[in-house]
Amino acid sequence: MINLGSAALATSLAICVWAGAAKAGEVLDRVLEAKTVTVAVGTDWGPMSHMDENHELVGYDVDVAKQIAESLGVKVKFVTPGWDLIAAGKWEGRWDIAMGQMTPTKERAEKLDFPGTYMWGPSSAIVHKDSKVTKLSDLEGKVVGVSAGTTPEAYANHNFTPSWLNARPITYQFKPGEVKTYGSSNIAFDDLRLGDGVRLDAVLADTTLANDAIKAGYPLKILEPALYNSPGDVVVQHGDKEFSEKVAAAIKKMQDDGTLTKLSLKWYGADYSKEQ
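Attention here is on the structure that accompanies the text. (Residues numbered from 1 in each chain as written. Predicted model: local features only at pLDDT ≥ 70, side-chain atom pairs only at ≥ 80, totals over all residues. Heavy atoms only, no water.)

**With respect to helix H2 (residues 26-34)**
Using the following cut-off: Remark: exposure states derive from per-residue accessible area (1.4 Å probe, protein chains only) relative to the maximum for the residue type, with buried under 20%, exposed over 50%, and partly exposed in between. The helix and strand labels rest on DSSP assignments: H or I over at least four residues marks a helix, E over at least two residues marks a strand, and numbering proceeds from the N terminus. The directions from the helix axis to the C-beta atoms are what the arc is built from. Residue contacts follow a heavy-atom distance rule, with two residues in contact if any of their heavy atoms lie within 4.5 Å.
For H2, the set of buried residues is Val27, Leu28 and Val31. Along the axis of H2, the buried positions cluster into a sector of 95°, meaning they face one direction only. Residues of H2 that are buried make contact with strand E1 (36-40) and helix H9 (241-256). Of the residues flanking the end of H2, it is Lys35, one or two places downstream, whose phi is positive at about 55°.

**Focus: H9**
An α-helical segment advances 3.6 residues per turn. Residues three or four places apart therefore align on the same side. How we decide: Multiply 1.5 Å by the residue count of a helix minus one, and that product is the helix's expected span.
Here H9 spans 22 Å end to end across 16 residues, near enough to the 22 Å set by a 1.5 Å rise per residue. Restricting attention to buried positions, one finds in H9 the residues Phe243, Ser244, Val247, Ala250, Ile251 and Met254. Taken down its axis, H9 places every buried residue within 120° of arc, on the same side. Relative to its buried face, H9 has exposed residues pointing more than 90 degrees away, namely Lys241, Lys253 and Asp256. The positive-phi residue at the C-terminal boundary of H9 is Gly258, with phi of around 85°.

**Let's talk about the environment of Trp45**
Among the structural elements, Trp45 can be located in the loop between E1 and strand E2 (50-51). Taking the C-alpha atoms as reference points, Trp45 and Leu209, separated by 164 residues in sequence, lie 7.1 Å from one another. With residues near it in sequence (within four places) discarded, Trp45 still touches Trp83, Ile86, Met99, Gly100, Asn186 and Leu209.

**So, the environment of Thr208**
Along the chain, Thr208 falls in helix H8 (residues 207-215). Take Thr208: its relative accessible area is 6%, and that puts it in the buried class. In the structure, Thr208 is positioned 27 residues away from Val235 in sequence and 20 Å away in space, judged by C-alpha atoms. When near neighbours in sequence (up to four residues on either side) are disregarded, Thr208 contacts Pro47, Met119, Tyr268 and Tyr272.

**Examining the nonpolar core**
Condition: In plain words, nonpolar cores are sets of buried Ala, Val, Leu, Ile, Met, Phe, Trp, Tyr and Cys residues tied together by side-chain atoms within 4.5 Å.
Core analysis: the largest hydrophobic core is formed by 57 residues, its most contacted members being Val64, Ile68, Ile97, Phe189 and Phe243. The element contributing the most residues to this core is helix H3 (residues 60-72), with seven residues. Apart from residues no more than four positions distant in its own chain, Val64 is found in contact with Met99, Tyr118, Ile251, Met254, Leu260 and Leu263. Listed in part, the 20 residues of the second largest apolar core include Trp120, Val133, Val146 and Phe160.

Here you go:
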């Protein structure tokens, strides 16, 4: 006599094994079949990615993504979800790769894969140009703005533990009195530009984004030294090792042949493709 409970269990296990096997290579197969890789970027991420005067996406991340697509032998399509959706990891096939120079922390690695580092970026404290703050410790008890879901937010809340390879321990220079979160660093800069202490006393953000805002006329200044330097990686979802490996190979090639250095100099005026 067949044990129906055992049969059901065996069938269930078989389905699970089949589903797992089907997932392997799923993203790569989809990309190659469509001859297009869909990449998530931002529209207001400064030199990383932004809309130019022709309403076209340009920037360092955009150029790197195009090089990855070329390496895969496919075209590239850009989509612009919010950073919170990218970081949440629930992509549901809406895009295949995410840019944004995400720091590969252990917490994020539980739901996302990081095939390769293409940026080493400093993060800084930025104040209004009229601020009397001259050093990081002057921000003790102040109101600071951060982009939600970023390492500067973790730094501001004193729960940032660098988990990348050879990471240096973090030394906190101040403890904010209040931390305000924003959808992007640029929105936080908009509040800071209103005046010293009007809405914010400082913003913690990528130094490159702050430099871009200053070039655009924002009345801001960057405090020295930088809070920390962190790696920024290309991001893919778990489950397709072959796709992840091909993206990793594309990044390594760009590192080895100097493409990343060239693109960094183009967009930042400095080589951020290597750890400082």
